[in-house]
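Examination of the molecular architecture
Residues per chain, in single letters:
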Amino acid sequence: MKNIINIFIITLLLCGLCSCKVNVSESMLTEIRAQAEAFNYDEASQRISDETGVEMNPVFLESMGEEMAQSIIDELDSGTFNELSWLELTGYSYHVIKDMISGELEADNISNRGFNGKDNFTVSFVGDILFDPDYRPMAHANTMGGVMNCIDTAVVDYLKASDVFLINNEFSVGVRGEPVRGKTWTFQVHPDKLSLYGDMGVDIVSLANNHVYDYGMEGFEDTITYLDNAGIPHVGAGMNLGEAAEGYYFVVNGIKVGIVAASSAEKVRFTPVAGEASAGVMGTYDSAEFLKAIKAADEQCDVLVAYVHWGTENTTKLDESQKTMAREYIDAGADAVVGGHTHCLQGMEFYKGKPIVYSVGNFWFNSKSLDSCVITLKIDRQMKTEALIVPLEQKECETRLLTEDAERRALFDRVESYEPQGVTISDSGVISPKSDLVP
């Protein structure tokens, strides 16, 4: 329409110069120019809806401003528009734009963190933590003046600086219930200890593990209730399969990252797997339901991480099911797989260019001397992900950052040597594929 009006203006001007004596007033030209310059948000919204898959509405498009709206149309005209174009042109990804228009950005399972002023953001993961007063970590903490005196300040500062930080909540929370009969290790933590998560900078916890049900259904229900009351997001368990399968999402720098969690940790089952109408953890003993959860979450976000409790404890040897399912998760839509449960570090690899970390080990869980780590995913403005490992040591109920070059390198070398020997780790902790496995 704008081009047609421009042609009309030129025609009138030319006529004014010739002998046909068409009377073209200045006011007429001004009005026509105004019409030419007016942006038609209705037409633009319809075109954007037809060509991008985003159900654009004129009011929202107008709120973006004419310059931005025109840049979208220009990109469509060029034939180069793709999903990444939304982020480049508006500062928000395809999925975030859709959520803004629909109102889903205000959903209970989405946290909008805004912009951090950097050209990337970080999502960090650690393993098991335990606040049960009947076990050695808390007994040691009491002699040290508290838990925060048992975890290296440098580690806490690093985790607080992460834009998103997830930890595995390896216990039941509350005061009700009885220990599950026949289970050797059962953990329960008083609700007031949840404040420690705030001290550590925890943004979200995983409940997909083999200890969240240690005090039966009462303890399980209370765990979810107390976490909700404390405003601590959680994934991987619920009062039914729908809740257990649901992902949680963070929007940082205009990009939406999702996390889903599941467990296949128990060789002898004490912890129920959630069913259509029954409570429990998100199970992945048979991966079918978790694959559905991954596919559903992938449709809702730009970057998706599957956090999984699995494997055999105290060994670097992988279960065959770990290797098989990790690939299935990525094929279903996960952009990274981070595992835990084994109480020790396990190996890493890349599959289709995406990182698989088989186990991050303990974070602060027992008195053993063990390698530990933080796994961080650094996501840039093009939604490209870089995986990093921050080397830690758990020893005598304390967790510290490894700072000496030799001890850092030694831990990296050990991880590189673990099955499936699929990565190289730089001295700065950047994880790279030794070979990218393709089926």
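Just above, that's the structure.
Summary of the structure given here. For clarity, every value in this text was computed on a predicted model and none was experimentally measured.

**Digging into the overall build of the chain**
- For the chain, the helix and strand inventory stands at 15 helices and 22 strands.
- When its C-alpha atoms are laid out on the principal axes, the chain stretches across 100 × 50 × 45 Å.
- Within the chain, the fraction of its 439 residues that count as buried is 54%.
- Taking the contacts inside the chain whose residues are at least 6 apart along the sequence as the reference set, 69% of them involve residues at least 24 apart.
- Carbon and sulfur atoms provide 50% of the accessible area of the chain, an area that totals close to 19200 Å².
- If you average the places of the 33 positive and of the 67 negative side-chain charges in the chain, the two averages end up 5 Å apart.

**Here we look at helix H3 (residues 41-52)**
- For H3, with 12 residues, the first-to-last C-alpha span of 16 Å sits near the 16 Å given by 1.5 Å per residue.
- Buried residues of H3: Tyr41, Ala44, Ser45, Ile48, Ser49 and Thr52, and no others. Angularly, the buried residues of H3 cover 135° about the axis, an arc narrow enough to put them on a single face. When the buried face of H3 is taken as reference, the exposed residues oriented beyond 90 degrees from it are Asp42 and Asp50.
- Those residues of H3 hidden inside the fold are in contact with helix H4 (58-64), helix H5 (66-78), helix H6 (83-90) and helix H7 (94-102).
- With a side-chain oxygen lying 3.1 Å from the backbone nitrogen of Asp42, the N-terminal cap of H3 falls on Asn40.
- After H3 finishes, the residue Gly53 shows a positive phi value of roughly 90°.

**Points about helix H13 (residues 288-298)**
- Within H13 the residues assigned to the buried category are Phe290, Leu291, Ala293, Ile294 and Ala297. Projected onto a plane normal to the axis of H13, the buried residues spread over an arc of 155° and lie on a single side.
- The inward-facing, buried residues of H13 abut helix H12 (241-245), strand E9 (248-252), strand E10 (255-263), strand E12 (303-309) and helix H14 (320-332).

**Observations regarding the nonpolar core**
- Among the nonpolar cores identified, the biggest contains 42 residues, and Phe131, Tyr197, Phe363 and Trp364 are the most heavily contacted of them.
- Elements that contribute at least two residues to this core include exactly strand E2 (120-129), helix H8 (136-144), helix H9 (153-161), strand E3 (164-169), helix H10 (195-200), helix H11 (216-229), strand E16 (362-364) and strand E18 (385-395).
- Not counting residues within four places of it along the chain, the set of residues in contact with Phe363 comprises Val126, Gly127, Asp128, Ile129, Ile151, Val155, Leu159, Ile167, Ser372, Leu392, Gln394 and Thr399.
- Judged by nonpolar contacts, the second largest core, of 40 residues, contains Phe125, Val338, Met348 and Tyr418.

**Regarding the layout of surface pockets**
- Of the pockets and cavities examined, the largest pocket occupies roughly 620 Å³.
- Lining the largest pocket are 25 residues, and of these Trp185, His211, Glu313, His343 and Phe365 lie nearest its centre.
- The residue makeup of the lining of the largest pocket, split by class, is 9 nonpolar, 10 polar and 6 charged.

**Re the pairing of strand E15 (residues 354-357)**
- Both strand E13 (residues 336-340) and E15 contribute to a ladder of 2 bridges, which runs parallel. Bridge pairing in E15 places Val338 opposite Val357.

**Some remarks on the packing of H5 against H6**
- At a minimum axis distance of 10 Å, the contact between H5 and H6 shows a crossing angle of 150°. Crossing geometry of H5 relative to H6 is assigned as right-handed. Residues Met68, Ser71, Ile72 and Glu75 of H5 form the contact with H6, whose own contacting residues are Ser85, Trp86, Leu89 and Thr90.
- Residues belonging to the contact of H5 with H6 are distributed by class as follows: 4 nonpolar, 3 polar and 1 charged.

**Considerations on the environment of Glu75**
- Position of Glu75 among the secondary structure elements: in helix H5.
- As a C-alpha pair, Glu75 and Ala326 span 251 residues in sequence and 37 Å in three-dimensional space.
- When neighbours within four sequence positions are excluded, Glu75 is seen to be in contact with Thr80, Phe81, Ser85 and Leu89.

**A few points about the packing of aromatic side chains**
- Tallied over the full model, the rule gives 15 aromatic pairs.
- Through a chain of ring-to-ring contacts, three or more aromatic side chains come together here, namely Phe131, Phe171, Tyr197 and Trp364.
- Positioned above the aromatic ring of Tyr351 is the side chain of Arg327, whose terminal nitrogen or guanidinium carbon lies 5.7 Å from the ring centre.

**What to know about the side chain of Thr52**
- Position of Thr52 among the secondary structure elements: in helix H3.
- Within polar-contact distance, the side chain of Thr52 engages the backbone oxygen of Ile48 at 2.7 Å.
- Among the polar contacts listed, one links the side chain of Thr52 to the backbone nitrogen of Val54, at a separation of 3.2 Å.

**Quick word on the side chain of Ser372**
- Structurally, the position occupied by Ser372 is in strand E17 (residues 370-380).
- With relative accessibility at 0%, the residue Ser372 sits in the buried group.
- At 2.4 Å, the side chain of Ser372 and the backbone oxygen of Asn362 are in polar contact.
- With residues near it in sequence (within four places) discarded, Ser372 still touches Leu345, Val360, Asn362, Phe363, Val390, Pro391, Leu392, Glu393, Gln394 and Leu411.

**Considerations on the pairing of strand E21 (residues 430-433)**
- Bridging between E18 and E21 involves 2 bridges; their strand directions are antiparallel. Bridged to Ala387 within E21 is Ile431.
- The pairing of strand E20 (residues 423-425) with E21 spans 3 bridges and is antiparallel. Across the sheet, the residue bridging to Val423 is Pro433, located in E21.
- Taken together, E20 and the strand that follows it, E21, pair antiparallel across an intervening segment of 4 residues, in which Gly429 is found at a positive phi of about 95°.

The rules we used
Residues numbered from 1 in each chain as written. Predicted model: local features only at pLDDT ≥ 70, side-chain atom pairs only at ≥ 80, totals over all residues. Heavy atoms only, no water. Helix = DSSP H or I, 4+ residues; strand = E, 2+ residues; numbered from the N terminus. Buried < 20%, exposed > 50% of the residue type's maximum accessible area, 1.4 Å probe, protein only. Contact = heavy atoms within 4.5 Å. Areas by Shrake-Rupley, 256 points an atom, 1.4 Å probe, with all protein chains shown as cover. Lys, Arg positive; Asp, Glu negative; His and termini not counted. Charge placed at Lys NZ, Arg CZ, Asp CG, Glu CD. Expected span 1.5 Å × (residues − 1). Arc of directions from axis to C-beta. Polar contact = N/O pair within 3.5 Å; in protein donor to acceptor, adjacent residues only side chain to side chain. Core = buried A, V, L, I, M, F, W, Y, C linked by side-chain atoms within 4.5 Å. 1 Å grid on protein atoms, 1.4 Å probe; cavity = no way out; pocket = protein on both sides within 12 Å on 5 of 7 lines; lining within 4 Å. Points joined across faces, edges and corners; volume = space filled by probe spheres on them. Nonpolar A, V, L, I, M, F, W, Y, C, P; charged D, E, K, R; others polar. Pairing = 2+ DSSP bridges. Axes fitted to C-alpha atoms, helices over the stretch in contact; angles between N-to-C directions. Left-handed = near helix turned anticlockwise from the far one by under 90°. Phe/Tyr/Trp six-rings, centres within 6.5 Å; stacked < 30°, edge-to-face > 60°. Lys NZ or Arg CZ within 6 Å of the ring centre and 35° of its normal.

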